[in-house]
Amino acid sequence: VMQNNSEVVFVLQGLNDSLTNRQMYFAFALMSYLFTIFVNMTLIVTVCLERTLHEPIYIFLCNLCFNGICGASSFYPKLLHGLLADSNVITYSGCLAQMFVVYCYVFCEFTSLTVMAYDRYLAICKPLQYPMLMPVQRVAQMLLLTWCVSLLETIIGITLTARLPLCRRHINKIFCTNWEVVRLSCSDTTGNNIYGFVLIFTHTSQTGLILVSYTHLVGASLRLASNRRKFIQTCVPHLATLLIFVSSQVFDFIYSRYGGGTLQLLQNLLAAELLVVPPLINPIIYGINLHQIRSRIIHNFSHKPGI
């Protein structure tokens, strides 16, 4: 048993076998990270600068993009450092910090998508009452609730993991995850397992609520042409975002627990998908489908200021 966890240095083994040409992978990862930040910041700045976009759906979308930047930033900087270094190691405190940001991103993504589904339900199914049901104060309250719940869930999980004594220090991934650190413990992890099942039930319920709201949205969109247009423009991107994120979660969950014998490269891809694909794809999906955002972005990039 390692007596002092604070002195532990983890070895991230995900980079050891598959990354033979580190410079090429470094260039690709850096371009991917910069492009992810660029597309998310483009959407955020566009919404902030354009007063006509100061509506709940666009504010919630900005929050989703900001969370995507946080998720990507929890992964890429350490990956880039590991690609340049001779050995890919991380301190115990650094591992906990990375886990904190990763899981806060995951929980906030789930809650944000649930809030956005509720907003679309009110906008399409109750259009006349929508301004009264979703004023600016309610939007601020829902954003605050989203982050408070996500932070609370993350703090509880990290606290349960930080109390565990460790017996090993090799992590078979390219970044720290709660499950991988818990597996290194040589003490009883029942509390961690119970909390894990609570989180699975909670966020599965959130996904169920989103799907239930969509049954009402589909019915409303079939009745009126205007609702159908709203559904296609705002709900289809939201549903695509949900499917991408949930599928990434499922792949990572299945591999972490049952895929230990697969190829190292496949392991890296499945592990990184959750932190790479949704933050990159979400702003692109919304930017293409939402006419107001698409037109403003095109106008901003094509506008030539007078001399």
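Please read these numbers as outputs of a predicted model, since none were measured by experiment. (Residues numbered from 1 in each chain as written. Predicted model: local features only at pLDDT ≥ 70, side-chain atom pairs only at ≥ 80, totals over all residues. Heavy atoms only, no water.)

Caption draft 1: Looking closely at the packing of helix H4 (residues 92-125) against helix H6 (residues 136-162). Running from amino to carboxyl end, H4 crosses H6 at an angle of 145°, the nearest separation of the two axes being 8 Å. The handedness of the crossing between H4 and H6 comes out as right-handed. Packed against H4, whose contacting residues are Tyr92, Leu96, Met99, Phe100, Tyr103, Cys104, Phe107, Cys108, Thr111, Ser112, Val115 and Tyr118, the element H6 presents Met142, Thr146, Trp147, Ser150, Leu151, Glu153, Thr154, Ile155, Ile158, Thr161 and Ala162 at the interface. Class assignment of the residues belonging to the contact of H4 with H6 gives a composition of 16 nonpolar, six polar and one charged. (Axes fitted to C-alpha atoms, helices over the stretch in contact; angles between N-to-C directions. Helix = DSSP H or I, 4+ residues; strand = E, 2+ residues; numbered from the N terminus. Left-handed = near helix turned anticlockwise from the far one by under 90°. Contact = heavy atoms within 4.5 Å. Nonpolar A, V, L, I, M, F, W, Y, C, P; charged D, E, K, R; others polar.)

Caption draft 2: Structural detail: the pattern of salt bridges. Tallied over the full model, the rule gives two salt bridges. With a closest N to O distance of 2.9 Å, Arg120 and Asp119 form a salt bridge. Here Arg120 falls in the buried class, since its relative accessible area comes to 6%. Residue Asp119 is classed as buried on the basis of its relative accessible area, which comes to 0%. With a closest N to O distance of 3.5 Å, Arg183 and Glu180 form a salt bridge. Here Glu180 and Arg183 lie together in helix H7 (residues 178-183), a separation of three residues that amounts to about one turn. Classification of Glu180 as buried rests on a relative accessible area of 6%. (Salt bridge = Lys/Arg side-chain N within 4 Å of Asp/Glu carboxyl O. Buried < 20%, exposed > 50% of the residue type's maximum accessible area, 1.4 Å probe, protein only.)

Caption draft 3: View of the state of the cysteines. Per the stated rule, a full pass over the model turns up two disulfides. The side chain of Cys167 participates in a disulfide bridge whose partner is Cys186; the two sulfur atoms lie 1.9 Å from each other. Across the disulfide from Cys167 to Cys186, rotation about the S-S bond amounts to roughly 100°, and the bridge is consequently right-handed. Taken together, the residues Cys167 in the loop between H6 and strand E3 (170-171) and Cys186 in the loop between H7 and helix H8 (190-223) connect sequence positions 19 residues apart. Judged by its relative accessible area of 39%, Cys186 falls in the partly exposed class. Counting only the cysteines that form disulfides, in the order they appear in the chain, gives the pairing 1-3, 2-4. Its sulfur unpaired, Cys104 is 6.1 Å from the next cysteine sulfur, which belongs to Cys108. (Disulfide = S-S within 2.5 Å.)

Caption draft 4: Region of the structure containing helix H1 (residues 22-49). Over its 28 residues, H1 extends 40 Å from the first C-alpha to the last, a length consistent with the 40 Å expected when each residue adds 1.5 Å. Listed in full, the buried residues belonging to H1 are Ala29, Ser32, Tyr33, Thr36, Val39, Asn40, Thr42, Leu43, Ile44, Thr46 and Val47. (Expected span 1.5 Å × (residues − 1).)

Caption draft 5: Representation of the UniProt feature "transmembrane region" (unreviewed entry) in the chain in the model. Cross-referencing UniProt, the feature "transmembrane region" (unreviewed entry) maps to residues 24-45, 57-76, 96-118, 139-160, 194-214, 235-256 and 268-288 in the present numbering. In the segment residues 24-45, helix accounts for 100% and strand for 0%; the C-alpha atoms at its two ends are 31 Å apart. Segment residues 96-118 splits into 100% helix and 0% strand. End C-alpha atoms: 33 Å apart. (UniProt positions renumbered as here; feature names shortened; annotations may be inferred.)

Caption draft 6: Expanded view of the packing of H1 against helix H11 (residues 291-302). At a minimum axis separation of 10 Å, H1 and H11 run at an interaxial angle of 100°. If you check the angle between H1 and H11, you find them roughly perpendicular. For the pair formed by H1 and H11, the contact residues are Phe38, Thr42, Leu43, Thr46 and Val47 on the first element and Ile293, Arg296, Ile297, Asn300 and Phe301 on the second. Along the lines of polarity and charge, the residues of the contact of H1 with H11 split into six nonpolar, three polar and one charged. (Parallel < 35°, antiparallel > 145°, perpendicular 65-115°, else oblique.)

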